[in-house]
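# Residue-level structural notes
Listed here are the chains, written in short residue letters.
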Amino acid sequence: MTAARAVGAVSREAAEWYAIDWQAINRNVRRLQVRIVQATKASRWGRVRALQRLLTHSYSGKVLAVRRVTENNGKKTPGVDQEIWDTPEKKTQAVHALRRRGYQPQPLRRVYIPKSDGKTMRPLGIPTMKDRAQQALYLLALAPVVETTADKNSYGFRQQRSCADAIGQCFLALKSANTQWILEGDIKSCFDKISHDWLLAHVPMDRVILQKWLKSGYMEKHVLHETTDGTPQGGIVTPLTQKVIWAGCLAWR
């Protein structure tokens, strides 16, 4: 008896996951993202939406989204359904289950973490694995638009940027300037109270999907709470929607 027979044959779903050519997957997604950037620069918003739809319906986009949520730090943190995708079979099934038609997100699981002052608590909303994967998928189509239209000197919630980049830019801007004041501002409860209508009008992505995320509500102590305003903090797509809030991505039509 061979070793393979002793442990059992690999399932069809597992074989499909192991057979994925990740170089080709990344290349396909990158090619579509480049086309989205080109259309954004040309202000061809109808073309941008068409390319975004192509990306979010592509097999390459879906497997990359599932890979992200099953390999990041939150891969063992379940949502309200207590499910995690920890086997290749579950990952493959998840890829084929990512569809726009009939999609309805589940409520977020509300948890609290301490803020930097050590006294107050920050609420976080933990989506289910499926909702995280959907967010990761639509993030692939949203990021090229936001990165193209955002201010070149903004650094919060930006890909491939850090505090060191912001510090370096401050040094360049201030080393020869006759500056008397440097002001720091903080909008109280900005993300907690931001208007859903504003987000739907300015976040450059599928508005039907975005509205479902915003209105999904959250579960706290087994009680369902509705969400009428604010953007949940804790999801994959949250940093980029927050980036849109700060940058004012107003080019979308």
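Notes on the structure follow. (Residues numbered from 1 in each chain as written. Predicted model: local features only at pLDDT ≥ 70, side-chain atom pairs only at ≥ 80, totals over all residues. Heavy atoms only, no water.)

### Focus: the overall build of the protein
Scanning the protein from terminus to terminus reveals twelve helices and four strands. Residues classed as buried in the protein amount to 40% of the 253 residues present. Nonlocal contacts in the protein, meaning residues at least 24 apart in sequence, comprise 71% of its contacts between residues at least 6 apart. As presented, the protein carries roughly 15,300 Å² of accessible surface, and 52% of it is formed by carbon and sulfur atoms. (Helix = DSSP H or I, 4+ residues; strand = E, 2+ residues; numbered from the N terminus. Buried < 20%, exposed > 50% of the residue type's maximum accessible area, 1.4 Å probe, protein only. Contact = heavy atoms within 4.5 Å. Areas by Shrake-Rupley, 256 points an atom, 1.4 Å probe, with all protein chains shown as cover.)

### Points about the environment of S11
Along the polypeptide, S11 turns up in the loop between helix 1 (3-7) and helix 2 (12-18). Sequence separation of S11 and P88 is 77 residues, and the distance between their C-alpha atoms is 9.2 Å. Side-chain polar atoms of S11 contact the backbone nitrogen of A14, separated by 3.2 Å. Among the polar contacts listed, one links the side chain of S11 to the side chain of E89, at a separation of 2.8 Å. (Polar contact = N/O pair within 3.5 Å; in protein donor to acceptor, adjacent residues only side chain to side chain.)

### What about the packing of helix 5 (residues 59-71) against helix 7 (residues 129-149)?
The contact between helix 5 and helix 7 brings their axes to 8 Å, and the two run at 125 degrees. By the angle between their axes, helix 5 is oblique relative to helix 7. Along this stretch, helix 5 crosses helix 7, giving a crossing that reads as right-handed. Contacts between helix 5 and helix 7 involve G61, K62, L64, A65, V66, R68, V69 and T70 from the former and M129, R132, A133, A136, L137, L139 and L140 from the latter. Residues of the contact of helix 5 with helix 7, tallied by class, amount to ten nonpolar, two polar and three charged. (Axes fitted to C-alpha atoms, helices over the stretch in contact; angles between N-to-C directions. Parallel < 35°, antiparallel > 145°, perpendicular 65-115°, else oblique. Left-handed = near helix turned anticlockwise from the far one by under 90°. Nonpolar A, V, L, I, M, F, W, Y, C, P; charged D, E, K, R; others polar.)

### Regarding the nonpolar core
Counting residues in hydrophobic clusters, the biggest one holds 28 residues, and the most contacted among them are W22, L55, V66 and W85. Ranked by residues supplied to this core, first place goes to helix 7 with seven residues. Ignoring anything within four residues of it in the chain, the contact list for V66 reads W17, W85, K91, A94, V95, L98 and A133. Within the second largest apolar cluster, 13 residues are counted, among which are Y138, V146, L199 and I209. (Core = buried A, V, L, I, M, F, W, Y, C linked by side-chain atoms within 4.5 Å.)

### Focus: the packing of helix 5 against helix 6 (residues 88-97)
Between two packed helices, the angle of one axis relative to the other and the distance separating the axes together describe the packing. The N-to-C vectors of helix 5 and helix 6 enclose an angle of 135 degrees; their axes lie 9 Å apart at closest approach. The pairing of helix 5 with helix 6 is recorded here as oblique in orientation. The interaxial crossing formed by helix 5 with helix 6 has right-handed handedness. On the side of helix 5, the interface is formed by Y59, K62, V63, V66 and T70, while helix 6 contributes K91, A94, V95 and H96. Taken together, the residues of the contact of helix 5 with helix 6 break down into five nonpolar, two polar and two charged.

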